[in-house]
Structures are given as C-alpha cells and as structure tokens.
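A structural walkthrough
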Amino acid sequence: MTPHPSAASSLDTPEQAPDFDPKDFRHALGHFGTGVTVVTTADSSGKFYGVTVSSFNSVSLTPPLVLWSQVRGAPSHHAFLNSPYFVVNILAENQKEISNHFATSSADKFKNIAHHLSPEGIPILEGTLGHFVCKKERDVDGGDHLIFIGQVLRYSYNTDEHMAPLFFWNGKYHHVTEHVD
C-alpha cells in the first residue's frame, strides 16, 4: 500500500522504548484530536465540582455506557470518587473560556457560569452541544488515573447543524471547519 502523498513520514520521531519520557509520551498523545467536555458532580454536602476533560468516550449502546478518566491527584477527585452521579457536558466551539475556567483551580467554579440542576442535583451547563446525566457504574484502575464508567440515565443534544464542537489537538484549541467525505 502506497502512503498518502501528504503523509510526511520523514518527520516521524523514532519509536520509543518502554522506559520513555512521560512528557514526550503526553506530547505524542496530544496528536490525537478530541472534543472537550466538562464533567460535573456534587458531593454529599451539595458542593458542586467540575473539571475539563478530553478523555471522554462511549463504551456501549446497550446498556448505554460512557467513560472518562481523571488524574488521582486532582483537587476534585474525592468528589467524583464518592458521588453516585456525574454529568458530561459537551462544549461548543464558543466555550473555550468555560473549558479554561474548569481546567484551573477555583473556590467556586460555578460562580457566573450559567447552569441548571439535574433531578439528581448535578450541574448541567447551559449552551453546550449536549449533556449526558450518568449514574456511576464502576471505577477502574488506570495507573495514575481512575476511569469512571457511567450508565447514561438521560441525555440531550443541540440540533443546530451550524454549532460545532470545541476541538483540542496538539496542545491547542482548533475550529472544526467542514465535513470531510
């Protein structure tokens, strides 16, 4: 099979061995483009937590399962670990500031952030491309991260065909401009 003419394999780095540099590994992973989400929850006292996440994925249609992961040292980790529910909010391309806001530490991440509550009391952000209200099914060990698997209880999505997702690739936000056949 002949490589595509735009594939510049001469620019590939040498393959790395199992004892590779974690920073370089993270840089390599950044070459996989992904959408951006904010995952929210509430602790037993009713305090809200939210974190920007790109490690979101579908797992199963029947039953409806999704997953995301969080580094174990995150300040909000205890809340996600102990809460039975979480909401995955899919960010639109005009929500870069919200992504940045939830990616940094703050005493009240929901101050001045438009949201409403699910019946379970979990924040759902306004103006997103969609959201999934989930009941946590299980946590799975993922090295320095914990993988959360949730069963989708309810979901909603925006049907505006001109509304595009916030896209993250190679350490930067990008616009999704057109459909590729």
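Quick word on the packing of aromatic side chains
Following the criterion strictly, the structure yields 10 aromatic pairs and no others. On the numbers, 5.0 Å between centres and 75 degrees between planes, the contact of Trp68 with Phe80 is edge-to-face. Residue Trp68 is found in strand 5 (residues 65-71), and its partner Phe80 is found in helix 2 (residues 77-82); the two are separated by 12 residues along the sequence. Across the pair, Phe80 and Trp68 agree in class, each one buried. The interplanar angle of 65 degrees and the centroid separation of 5.2 Å between the aromatic rings of Phe102 and Phe110 together place this pair among those described as edge-to-face. A single burial state applies to Phe102 and to Phe110, both of which are buried. Ring pairs connect the aromatic residues Phe56, Phe132, Tyr155 and Tyr157, which therefore count as one cluster.

Overview of the pattern of salt bridges
The full count for this structure, using the stated rule, is three salt bridges. Among the ionic pairs, Glu120 bridges to Arg154, the shortest N-O distance being 2.7 Å. Of the two residues, Glu120 is situated in the loop between strand 7 (115-117) and strand 8 (123-125) and Arg154 in strand 10 (residues 145-157); the sequence distance between them amounts to 34 residues. The exposure class of Glu120 is partly exposed, given its relative accessible area of 25%. In this structure, Asp139 and Lys136 form a salt bridge, with 3.5 Å as the shortest nitrogen-oxygen distance. Accessibility expressed as a relative area gives 34% for Asp139, which makes it partly exposed. Residue Lys136 is classed as buried on the basis of its relative accessible area of 15%.

Here we look at the sheet that holds strand 11 (residues 167-169)
Paired through backbone hydrogen bonds, the strands of a sheet run either parallel or antiparallel to each other. Pairing in this open sheet of three strands is antiparallel, and the strands run 1-11-12 from one edge to the other. The sheet terminates laterally at strand 1 (34-35) and strand 12 (172-174), the two strands that pair on one side only. With two bridges connecting them, strand 1 and strand 11 associate as antiparallel partners. Considered in strand 11, the bridge of Gly35 is made with Phe167.

Some words on the pairing of strand 3 (residues 48-53)
In terms of strand pairing, strand 2 (residues 37-42) meets strand 3 through six bridges, oriented antiparallel. Of the residues in strand 3, the one forming a bridge with Val39 is Val51. The antiparallel hairpin formed by strand 2 and strand 3 contains five residues in its connecting segment, where Gly46 sits at a positive phi of about 95 degrees.

Comments concerning the environment of Val51
Looking at where Val51 falls in the secondary structure, it is placed in strand 3. Once the C-alpha coordinates of Val51 and His77 are considered, the two residues, 26 residues apart in sequence, prove to be 9.6 Å apart. When near neighbours in sequence (up to four residues on either side) are disregarded, Val51 contacts Thr37, Val38, Val39, Trp68, Gln70, Ser76, Phe80 and Phe102.

Definitions and limits used
- Residues numbered from 1 in each chain as written.
- Predicted model: local features only at pLDDT ≥ 70, side-chain atom pairs only at ≥ 80, totals over all residues.
- Heavy atoms only, no water.
- Phe/Tyr/Trp six-rings, centres within 6.5 Å; stacked < 30°, edge-to-face > 60°.
- Helix = DSSP H or I, 4+ residues; strand = E, 2+ residues; numbered from the N terminus.
- Buried < 20%, exposed > 50% of the residue type's maximum accessible area, 1.4 Å probe, protein only.
- Salt bridge = Lys/Arg side-chain N within 4 Å of Asp/Glu carboxyl O.
- Pairing = 2+ DSSP bridges.
- Contact = heavy atoms within 4.5 Å.

Without other data, these values stay purely geometric and don't point to any function.
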